[in-house]
Amino acid sequence: MDTAAKKQSPPAPLAPSAFDIAQPFRTKLANGLELVLFENKRLPLVSFRLAFRSGDINDPTGKTGLTSAIASMLTEGTLNYTSKQLAEKVERLGANLGAHSSDDFTTVSASALSLYSLEVLDLLAEAVLRPTFPENELDLYRRNTVEHLKFQRSQSSFLAGEQAARLIYGKHPYATVSPNAADVEGLEREALKSFHARTYIPNNAMLIAVGDVDRDEFIKEVKSQFGGWQQGSATFDNYAPPPHRDTRTLTIVDRRGSAQSNIVLGNLAIDRTSPDYFPVLVMNQVLGAGASSRVFMNLREEKGYTYGAYTRLNTKRLAGDIEATAEVRNDVTGVSLKEFFYELERIRDEDVRDDELADAKSFLSGVFPIRAETQEGLTNLIVNQHLYGLPDDYLQTYREHVDAITIADVRTAAEKYVRPAEMAIVIVGDASQILDQVKPYAHSIEIYDTEGNKKD
């Protein structure tokens, strides 16, 4: 090979870096609180996660937003600290303390230099075990949240997601993506206190510590802080299953004057613990998970309809879905649907190419260890593994599972979980500009306003 040819050849890829991660230490207190400790002395940092196996879907009937409100209010006043005093104490330690809820879980997070690990754990216990939900702070929460809801409804992505969740999940609580203003304004202090007492119980919780922590000292401190925490009883998951769809539907959210259409196409797929997780993950990477994927290359690079077109997996504890999304110009809304369905059918009907499969697996295998490079990234991986009850060797064998996926596996996953004939199509845009373009794609068409009300 001559010198010029050598200069044009790309360098050989490096050998994959080893991903050696030890198994964490696990134990349980007498009251049922599970402990997971991953000792990592690389940096003088510690991260705590006290996670509860209940989330937004566990809101009581007629109390949408209650779980989220409780999580937000944990640090807004406790038995021993006002909101300001707690914030000042956290700041003096150079620490972080906060809580949030998701569909499936509620997580209280704390992190600091390991020098202050015991002090931070004490503050975490204070927030979780002794919140007082002051009326003045709750009133501020209600007002701020109502304003945020107004902002949400101004975003086309929120409006599209709201309708897609309703159509895909039906009467299952995953169908609700947000409370409304009336829900928030109806929140009462006594309801927060009562539901906190019911759901914030040790036998519904897991405390995960990652970082520069001494095992014996940590367990001793946890027993001191949480050993007297009383068990309770919380029964969840008695929900109607998501509906079986057997036809394609089209829902338009009429956003008058909009210059773009926000498109979402979706159907039910897999939950997080599905045995088909890795085939679907690799299939989705080929189809639309990145800037070299099929839908991106088609709708953006070849057609120029959008700045970005993607597919994504939403894998939750009890169910999940696959969605294709893009924001396109009004005048290309119909042809964008055409190209989406072309790619959705093609991934089912044709084998992916060898290079597409290799690229997808290379990306997934390569990016995975990077997520563990930071303290928070490693913590999140460990937290997700244990909350979803994934296998003990999940992190250690992740890349092996990805590398084992074949062309046939991808085809099978696509045939099983990408179902264009029964997809819910949601488009947020100016109905007068797009309706005629999209009529051919579904027999059933509904139109809603931006407040979620159905229109004639």
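Here is what the cut-offs are and how they apply
Residues numbered from 1 in each chain as written. Predicted model: local features only at pLDDT ≥ 70, side-chain atom pairs only at ≥ 80, totals over all residues. Heavy atoms only, no water. Helix = DSSP H or I, 4+ residues; strand = E, 2+ residues; numbered from the N terminus. Rg over C-alpha atoms; globule rule 2.2 N^0.38 Å. Buried < 20%, exposed > 50% of the residue type's maximum accessible area, 1.4 Å probe, protein only. Contact = heavy atoms within 4.5 Å. Lys, Arg positive; Asp, Glu negative; His and termini not counted. Charge placed at Lys NZ, Arg CZ, Asp CG, Glu CD. Pairing = 2+ DSSP bridges. Expected span 1.5 Å × (residues − 1). Axes fitted to C-alpha atoms, helices over the stretch in contact; angles between N-to-C directions. Patch = residues over 30% accessible without salt bridge, like charges linked within 9 Å, V, L, I, M, F, W, Y side chains within 5 Å. Areas by Shrake-Rupley, 256 points an atom, 1.4 Å probe, with all protein chains shown as cover. Salt bridge = Lys/Arg side-chain N within 4 Å of Asp/Glu carboxyl O. Polar contact = N/O pair within 3.5 Å; in protein donor to acceptor, adjacent residues only side chain to side chain.

(A) Region of interest: the overall build of the chain. Scanning the chain from terminus to terminus reveals 17 helices and 13 strands. Computed over the C-alpha atoms, the radius of gyration of the chain is 24 Å, within 12% of the 23 Å expected from 2.2 N^0.38 for a compact globule of 456 residues. With the C-alpha coordinates of the chain rotated into their principal frame, the extents come out at 70 × 65 × 40 Å. Here the chain, with 456 residues, has 52% of them falling under the buried criterion. Long-range contacts, defined here as pairs at least 24 residues apart, represent 81% of the contacts in the chain between residues at least 6 apart. Put simply, the chain has 50 plus and 64 minus side-chain charges, and the middle of one group is 1 Å from the middle of the other.

(B) Spatial organisation of the pairing of strand β5 (residues 106-113). Most of β5 sits inside the fold, with seven of its eight residues counted as buried. Alignment of strand β3 (residues 45-52) against β5, held across eight bridges, turns out to be antiparallel. When the sheet's bridge partners are listed, F52 is paired in β5 with T106. Note: strand β4 (residues 96-101) against β5, six bridges, orientation antiparallel. Bridge assignment links S101 to a residue of β5, and that residue is T106. Counting the residues in the hairpin turn of β4 and β5 gives four residues.

(C) The arrangement of helix α4 (residues 117-129) in detail. The terminal C-alpha atoms of α4 lie 18 Å apart, and with 13 residues this matches the ideal 18 Å at 1.5 Å per residue to within 8%. What α4 keeps buried is the set S117, V120, L121, L123, L124, A125, E126, A127 and V128.

(D) Representation of the side chain of N298 in the model. Following the sequence through the fold, N298 ends up in helix α11 (residues 294-302). Not counting chain neighbours up to four residues away, the residues in contact with N298 comprise K303, E339, Y342 and E343.

(E) Representation of the environment of D212. Examined against the element boundaries, D212 turns out to sit in the loop between β6 (205-211) and α9 (215-226). For D212, a relative accessible area of 24% puts it in the partly exposed group. With 33 residues separating them in the primary sequence, D212 and P179 have C-alpha atoms 39 Å apart. Leaving out residues up to four positions away in the same chain, D212 has contacts with N40, K41, L43, P44, L45 and S114.

(F) Structural detail: the sheet that holds strand β10 (residues 320-329). Spatially, the seven strands line up as an open sheet ordered β9-β10-β8-β11-β7-β12-β13, and their pairing is mixed. Both edges of this open sheet fall to β9 (306-315) and β13 (454-455), since each of them pairs with a single strand only. Direction of pairing for strand β7 (residues 249-254) relative to strand β12 (residues 444-448): parallel, over a ladder of five bridges. Across the sheet, the residue bridging to L250 is I445, located in β12. Of the strands in this sheet, β9 and β10 touch helix α10 (residues 277-287), which is tilted by about 175 degrees from β9.

(G) Highlighting the pairing of strand β2 (residues 34-39). Along β2, five of the six residues are buried, which leaves the element largely enclosed by surrounding structure. Counting the residues between successive antiparallel strands, the hairpin from strand β1 (residues 25-28) to β2 contains five residues, one of them, G32, with a positive phi of roughly 100 degrees. The pairing of β2 with β6 spans six bridges and is classified as parallel. Bridge assignment links E39 to a residue of β6, and that residue is G211.

(H) Representation of α10. Taken across its eleven residues, α10 has eleven buried, putting it largely inside the fold. Every buried residue of α10 is listed here: Y277, F278, P279, V280, L281, V282, M283, N284, Q285, V286 and L287.

(I) How the structure looks around the side chain of R294. Here R294 shows up in helix α11. Discounting residues that sit within four places of it in the chain, R294 has contacts with V286, L287, E343, R346, I347, D351, V352, R353 and E356.

(J) Looking closely at a negative patch on the surface. A cluster of acidic side chains, namely D392, D393, E400 and D403, defines a negative patch on the protein surface. Considering the arrangement of structural elements, one finds D393 in the loop between α14 (375-387) and α15 (394-403). What makes D393 partly exposed here is its relative accessible area of 37%.

(K) Examining the pattern of salt bridges more closely. For the structure on display, the rule yields 33 salt bridges. Salt-bridge contacts for R312 lead to E323; the nearest nitrogen and oxygen are separated by 2.7 Å. Here the residue R312 occupies a position in strand β9, and E323 occupies one in strand β10, the gap between them amounting to eleven residues. Here the salt bridges share partners, and the residues they tie into one network are E135, D139, R142 and R143.

(L) Focus on the sheet that holds β1. Ordered in space as β1-β2-β6-β3-β5-β4, the six strands form an open sheet in which the pairing is mixed. Of all the strands in the sheet, just β1 and β4 have a single pairing partner and so form its edges. Ignoring which end each strand starts from, the neighbouring axes of this sheet average 15 degrees apart.

(M) How the structure looks around the environment of R49. Structurally, R49 can be placed in strand β3. Residue class for R49 comes out buried when judged on its relative accessible area of 6%. As for R49 and E147, which are separated by 98 residues in sequence, their C-alpha atoms are 29 Å apart. In contact with R49, other than residues within four places in its own chain, are T107, V108, S109, A110, M206, L207, I208, E376, T379, N380 and V383. A polar contact is formed between the side chain of R49 and the side chain of E376, at a distance of 2.5 Å.

Without other data, these values stay purely geometric and don't point to any function.
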